[in-house]
Amino acid sequence: MTTDAAPAPRQPLWLLLLLALGVAGGAVAYVPFLTVLLPTRIAELTGSDDVAALSYATFAGAIVASLANIGFGWLSDRRGGRPVWIALGLVLSCCLLVAIRFTATVTELIIVIMAWQLCLNMMLGPLAAWAGDCVPDEQKGLLGGLFAFAPALGALASAFVTAPGLAGRDTQLTLVALLVLAMVAPVLIFGRGRELPHLIKPTATSATPNRLPWMSDPAVTRMWFARLLVQIAEAALFAFLLFWLRSLSPGYGENDAARIFSLVLTIAVPLALVAGRWSDRVQRPILPLAICAGLSAAGLVLMAAAAEIAAAIGGYLLFGIASVIFLSLHSSQTLRVLPRPQDRGRDLGLFNLTNTVPSMIIPWLTLSLVPSFGFGGLFWLLAALCAAACALVATLVRPIAQKA
């Protein structure tokens, strides 16, 4: 562990709060739309709950989002001025979100969704990289804890914009766009010029320019696969939690499942803040990740063995809380391990694949396991994935702590 004569530069708390608010604005942009408003719009256009149309729309959007996040991250590396890209993506994505109400066919809707995902990731890719340009390693744990507010605010926005009597169908998308604008604009206004010189100074980690980080640093590879494995488990539970609970208790309703999601987020957010701040103070940035991945695996084991609803909910609460903390803290600690500041936006776009790839894996994984082995078989496999993630990050606990 190294010590410096001069104290390391730090950012004021207000900047970390604004960066976290901006990231939460991204969640507010897509969570209400993809989970509630898009299915509603498809039903309006087709006259029924068209599962195929919804699948095409979400799949096409996920492909565009994956490529756009990498592409605009790379452009913000090469052309600089990340706030300019963020502002342009913010304005265009909000306009396209409002334009969705004017689509007349499912084909038009899918085209607009693809354009919206392109512009949304024009904002999100550079925004994540900008956080890496501004926040020093000594505060990345706290930043990760603040990132835990993003899914909570996304869920809260879904409930807010669909509240009875608040807004009609034609104005709900406009309301979402205004919320996103209000959450992202403050960091653009007050955060400019806060980049730290030592965080944006180009480094040469290999003889090959623009070399992918996986080729030069095994820590990056382990962090990428660890997040992918936990994301697969998280995505599977998000998609099939209600079906599983109903297999144990047929009367279990949508509102009951929603209350469990809310309880997970209510508990996870303050715990993520505490864990992140603790990891900064003791300079053990990766240790909470290993602990949370292990607890996620334990929760899935309890779920696999559960025979009644109370035990099942207890196992899910353990998994859900631990996985939310893991994913939040992982988002900020990834900024620590990426080796080349000049490629930060591109490399974070590659990490973003861990958020989109699971949605393409989960349907096939579920179809291959659940009919033959039940949900218990699926949960045992997911527990093994989380245990593998724990092992991957555990190998980094000591080496990264020594660099802190």
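All figures in this text were calculated on a predicted structure; none of them were measured in a lab.

Description of the overall build of the protein
And step 1. Within the protein, the regular secondary structure consists of 14 helices and 0 strands.
And step 2. Its C-alpha atoms give the protein principal-axis dimensions of roughly 65 × 50 × 40 Å.
And step 3. The burial tally for the protein puts 51% of its 404 residues in the buried class.
And step 4. For the protein, the exposed surface amounts to about 17,300 Å²; the carbon and sulfur share of it is 69%.
And step 5. Placing the 25 positive and 19 negative side-chain charges of the protein at their respective mean positions leaves the two points 10 Å apart.

Things to note about the packing of helix α9 (residues 218–248) against helix α13 (residues 344–394)
And step 1. At a minimum axis separation of 4 Å, α9 and α13 run at an interaxial angle of 35°.
And step 2. Partitioned by chemical class, the residues of the contact of α9 with α13 number 33 nonpolar, 5 polar and 2 charged.

Looking at the environment of A298
And step 1. Mapping A298 onto the fold places it in helix α11 (residues 287–305).
And step 2. Sequence separation of A298 and S247 is 51 residues, and the distance between their C-alpha atoms is 21 Å.

Let's talk about the state of the cysteines
And step 1. Under the counting rule described, the total for this entry stands at 0 disulfides.
And step 2. Not engaged in a disulfide, the cysteine C292 finds its nearest cysteine sulfur in C390; these two sulfurs lie 9.8 Å apart.

Regarding the nonpolar core
Soluble globular proteins: nonpolar side chains tend toward being buried together.
And step 1. Counting residues in hydrophobic clusters, the biggest one holds 121 residues, and the most contacted among them are F33, L237, L300, F379 and L382.
And step 2. Counting residues per element, this core draws most heavily on α9, which supplies 18 residues.
And step 3. Apart from residues no more than four positions distant in its own chain, L237 is found in contact with L300, M303, Y316, F319, F379 and L382.

Thoughts on the packing of aromatic side chains
And step 1. If you walk through the whole model with that rule in mind, you get 7 aromatic pairs.
And step 2. An angle of 90° between the planes, with centres 6.1 Å apart, marks the rings of F261 and Y316 as edge-to-face. Separated by 55 residues along the polypeptide, F261 in helix α10 (residues 254–282) and Y316 in helix α12 (residues 309–337) bring together distant segments of the chain.
And step 3. The buried category is assigned to Y316, whose relative accessible area is 6%.
And step 4. Through a chain of ring-to-ring contacts, three or more aromatic side chains come together here, namely W244, F375 and F379.

Describing the packing of α9 against α12
Each pair of packed helices gets described by two things: the angle between the helix axes and the distance between those axes.
And step 1. Orientation of α9 relative to α12, taken along the N-to-C sense of each, is 155°, at an axis distance of 10 Å. Overall, the two elements α9 and α12 adopt an arrangement that is roughly antiparallel. Both α9 and α12 take part in a crossing whose hand is left-handed.
And step 2. Each residue belonging to the contact of α9 with α12 can be placed in one class, and the counts come to 18 nonpolar, 6 polar and 2 charged.

Quick look at helix α7 (residues 169–190)
And step 1. Under the 1.5 Å per step criterion, the end-to-end length of α7 is 34 Å for 22 residues, consistent within 8% with the ideal 32 Å.
And step 2. Of all the bends found along α7, the most pronounced is centred on V184 and spans about 30°, while P186, a proline, follows it within four residues.
And step 3. Those residues of α7 that fall on the buried side of the exposure criterion are Q172, L173, V176, A177, V180, M183, V184, P186, V187 and L188.
And step 4. Buried residues along α7 sit in contact with α1 (13–46), α3 (82–99), α4 (106–134) and α6 (149–161).

Some remarks on α13
And step 1. Compared with the 75 Å implied by 1.5 Å per residue over 51 residues, the 24 Å span of α13 between its first and last C-alpha is markedly short.
And step 2. Maximal helix bending in α13 amounts to about 130°, located at F373.

Notes on the pattern of salt bridges
And step 1. Applying the stated criterion to the full structure yields 10 salt bridges.
And step 2. Note that R346 is salt-bridged to D347, the shortest N-O span being 2.8 Å.
And step 3. Bridged by salt links that share partners, the residues R78, R340, D343, R346 and D347 form one connected network.

Brief notes about unusual backbone geometry
And step 1. Residues other than glycine seldom take positive phi values, yet Q283 does so here, at roughly 55°.
And step 2. With respect to the helices, strands and loops of the structure, Q283 is situated in the loop between α10 and α11.

Details of the environment of L289
And step 1. Secondary-structure assignment places L289 in helix α11.
And step 2. The buried category is assigned to L289, whose relative accessible area is 0%.
And step 3. Each C-alpha atom, one on L289 and one on R82, is 29 Å from the other, the two residues being 207 residues apart in sequence.

Overview of the side chain of N121
And step 1. Along the chain, the position of N121 falls in helix α4.
And step 2. For N121, a relative accessible area of 4% translates into the label buried.
And step 3. Polar contacts involving the side chain of N121 include one to the main-chain carbonyl oxygen of Q117, which spans 2.9 Å.
And step 4. If we ignore the near neighbours within four places in the chain, the residues touching N121 are A65, A68, N69, F72, P126 and N352.

Looking at the side chain of R82
And step 1. Relative to the assigned elements, R82 resides in helix α3.
And step 2. For R82, a relative accessible area of 7% puts it in the buried group.
And step 3. For R82, the side chain forms a polar contact with the side chain of S76, separated by 2.7 Å.
And step 4. If sequence neighbours within four positions are ignored, R82 has contacts with G73, S76, D77, P126, A129, W130, D133, P341, R344 and G345.

So, how was this worked out
- The numbering scheme is per chain: residues are counted from 1 as the chain's sequence reads.
- Totals for whole chains, interfaces and linings use every residue, but because this is a predicted model, local features are given only for residues with pLDDT of at least 70 and side-chain atom pairs only at 80 or more, for both listing and counting.
- As a convention, hydrogens and water are excluded, and side-chain values are obtained from all of the structure's heavy atoms.
- Only DSSP runs of H or I with at least four residues qualify as helices, and only runs of E with at least two residues qualify as strands; both kinds are numbered from the N terminus onward.
- Buried, partly exposed and exposed residues are distinguished by accessible area as a fraction of the type maximum, computed with a 1.4 Å probe on protein chains only: under 20%, between the cut-offs, and over 50%, respectively.
- Computed with a 1.4 Å probe, the accessible areas rest on the Shrake-Rupley method; for each residue, only the protein chains presented here act as cover.
- Under this rule, positive means Lys or Arg and negative means Asp or Glu; His and the chain ends count for nothing.
- One atom stands in for each charge, and that atom is NZ of Lys, CZ of Arg, CG of Asp or CD of Glu.
- Here an angle of 0 to 180 degrees is reported between the N-to-C directions of two axes, which are lines fitted to C-alpha atoms, with helices fitted over the stretch in contact.
- Only Asp, Glu, Lys and Arg are considered charged, only Ala, Val, Leu, Ile, Met, Phe, Trp, Tyr, Cys and Pro nonpolar, and every remaining residue, Gly among them, polar.
- By definition, disulfides here are pairs of cysteine sulfur atoms that lie within 2.5 Å.
- As used here, the term nonpolar core means buried Ala, Val, Leu, Ile, Met, Phe, Trp, Tyr and Cys residues forming a set that is joined through side-chain atoms within 4.5 Å.
- Contacts are assigned to residue pairs with any non-hydrogen atoms lying within 4.5 Å of each other.
- Stacked, tilted and edge-to-face are the three classes assigned to paired rings of Phe, Tyr and Trp, where Trp is represented by its six-membered ring and a pair needs centres within 6.5 Å; plane angles under 30 degrees give stacked, over 60 edge-to-face, the rest tilted.
- Any angle that is under 35 degrees is reported as roughly parallel, and any over 145 degrees as roughly antiparallel; angles of 65 to 115 degrees are reported as roughly perpendicular and all others as oblique.
- By definition, any crossing whose near helix is turned counterclockwise from its far helix by less than a right angle is left-handed, and any crossing with a clockwise turn is right-handed.
- For a helix, the expected span equals 1.5 Å multiplied by the number of residues minus one.
- The term bend refers to the angle at a residue between two fitted axes, each drawn through seven residues, those ending there and those starting there.
- Definition used for salt bridges: Asp or Glu carboxyl oxygen within 4 Å of a side-chain nitrogen of Lys or Arg.
- Contacts described as polar in this section are N or O atom pairs within 3.5 Å, which, within protein, must combine one atom able to donate a hydrogen with one able to accept it, while residues neighboring in sequence count only if both atoms come from side chains.

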